[in-house]
Amino acid sequence: KAEDRAEAEAHITKLKDTIDRLKPIGIYTTYLERVLAQCEAEMEFSASPSFQKAGKLARKAVTEAEEGAFEHGKIQEEIDELDKMLKGFDKDGVDVSLSMTKMELAQTALSERKFTEAWEHLASARSIGSKLKKDYGKSMEKMGQLKAKIAEFEEKGVNTDELGKILEKVEAEIGTASWWEE
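Residues numbered from 1 in each chain as written. Predicted model: local features only at pLDDT ≥ 70, side-chain atom pairs only at ≥ 80, totals over all residues. Heavy atoms only, no water.

Draft legend 1. Seen up close, helix α1 (residues 2-22). Taking 1.5 Å of rise per residue, 21 residues should cover 30 Å, and α1 covers 30 Å from first to last C-alpha, within 8% of that figure. Among the residues of α1, those classed as buried are D4, A8, H11, I12, L15, T18, I19 and L22. One side of α1 holds all its buried residues, which, seen down the axis, span an arc of 115 degrees. Facing away from the buried side of α1, by more than 90 degrees, are the exposed residues A2, E3 and D20. Among the structural elements, α2 (30-43) and α3 (48-91) are those in contact with the buried residues of α1. (Helix = DSSP H or I, 4+ residues; strand = E, 2+ residues; numbered from the N terminus. Expected span 1.5 Å × (residues − 1). Buried < 20%, exposed > 50% of the residue type's maximum accessible area, 1.4 Å probe, protein only. Arc of directions from axis to C-beta. Contact = heavy atoms within 4.5 Å.)

Draft legend 2. Molecular detail of the environment of K53. Turning to its location among the elements, K53 is positioned in helix α3. On a C-alpha basis, the gap between K53 and C39 in space is 7.7 Å, while along the polypeptide they are 14 residues apart.

Draft legend 3. Molecular detail of a nonpolar patch on the surface. Taken together, the side chains of F153, V158, L163, I166 and V170 define a hydrophobic patch exposed on the protein surface, amounting to about 360 Å² of accessible area. Of the residues forming the nonpolar patch, the biggest block, three residues, is contributed by helix α6 (residues 161-173). Looking at the secondary structure, you find V170 in helix α6. Given a relative accessible area of 32%, V170 falls into the partly exposed group. (Patch = residues over 30% accessible without salt bridge, like charges linked within 9 Å, V, L, I, M, F, W, Y side chains within 5 Å. Areas by Shrake-Rupley, 256 points an atom, 1.4 Å probe, with all protein chains shown as cover. Salt bridge = Lys/Arg side-chain N within 4 Å of Asp/Glu carboxyl O.)

Draft legend 4. Looking closely at unusual backbone geometry. Although it is not a glycine, R113 sits at a positive phi angle of roughly 60 degrees. Mapped onto the secondary structure, R113 falls in the loop between α4 (97-111) and α5 (115-155). R113 gets classed as partly exposed once you look at its relative accessible area, which sits at 25%.

Draft legend 5. Spatial organisation of α4. In this model, α4 (15 residues) spans 21 Å end to end at C-alpha, consistent with the 21 Å of a helix rising 1.5 Å per residue. If you check which residues of α4 are buried, you get S99, M103, A106, A109 and L110. Taken down its axis, α4 places every buried residue within 115 degrees of arc, on the same side. Residues of α4 that are buried make contact with α3 and α5. Of the residues trailing α4, R113 is marked for its positive phi of about 60 degrees.

Draft legend 6. Molecular detail of the pattern of salt bridges. The full count for this structure, using the stated rule, is 16 salt bridges. Note that E78 and R126 form a salt bridge whose closest N and O atoms lie 2.8 Å from each other. Here the residue E78 occupies a position in helix α3, and R126 occupies one in helix α5, the gap between them amounting to 48 residues. Among the salt bridges present, the one from E162 reaches K165, with a minimum N-O distance of 3.7 Å. Remark: K165 and E162 occur in helix α6; sequence separation between them is three residues, near one turn of the helix. Exposure remark for E162: the relative accessible area of 52% places this residue in the exposed category. What you see here is one network of salt bridges that share partners, running through E78, E81 and R126.

Below you can see the structure in the form of C-alpha cells.
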C-alpha cells in the first residue's frame, strides 16, 4: 500500500534525522545506523508487510534514541558538574587524578551508551574526590596546629629542625591519592 510506504518513509527519515542530530554530540549511533540499514533493506521488498516492519523498526529506534539522548544529557551534566568540582579541588592543592581518571571512564562509558557503567564511575569519582577534599581540609588544619606547636617550641629554645623536616615531608604528601589510600 502507498500509505504504508509513505508512513515507513516518514519514520525512516525521522531516524536519519535523529542519527544526524545525535552523532555530532557524541552519542553512540552505530545501533541506530544498523537499524536504518535494516529498514532500508525491508523497503526494497516493495510489499506492504515489509513497509510496516520497516516503519515499526524505525519508530522503535527513534523512541529508544530519544530516551537514550535524555539519559545521555543527564549524565553529561553530571560529568560537567563533577569536572568543575574536581578542578576546584585541584586548584586548592588536592591531587584528584584518581577521581579524574574515574570521570574519564564515565565519559567513555557514556559515549558507548553504557549508562549504568557511566553512573557507577561518576559515583566513584565524586566519592573519592569528596573524601580527598575532606581529608585534605582536616590535614591542613592539623598541619596548622603542628606549625603553631613548632613555633611555640622554637620560642622556648627547643631545636625543631627534625620536626621541620617531617612537616615538609608531610606537606609534600598531603592531598595525594597515594596518601589517601595508605
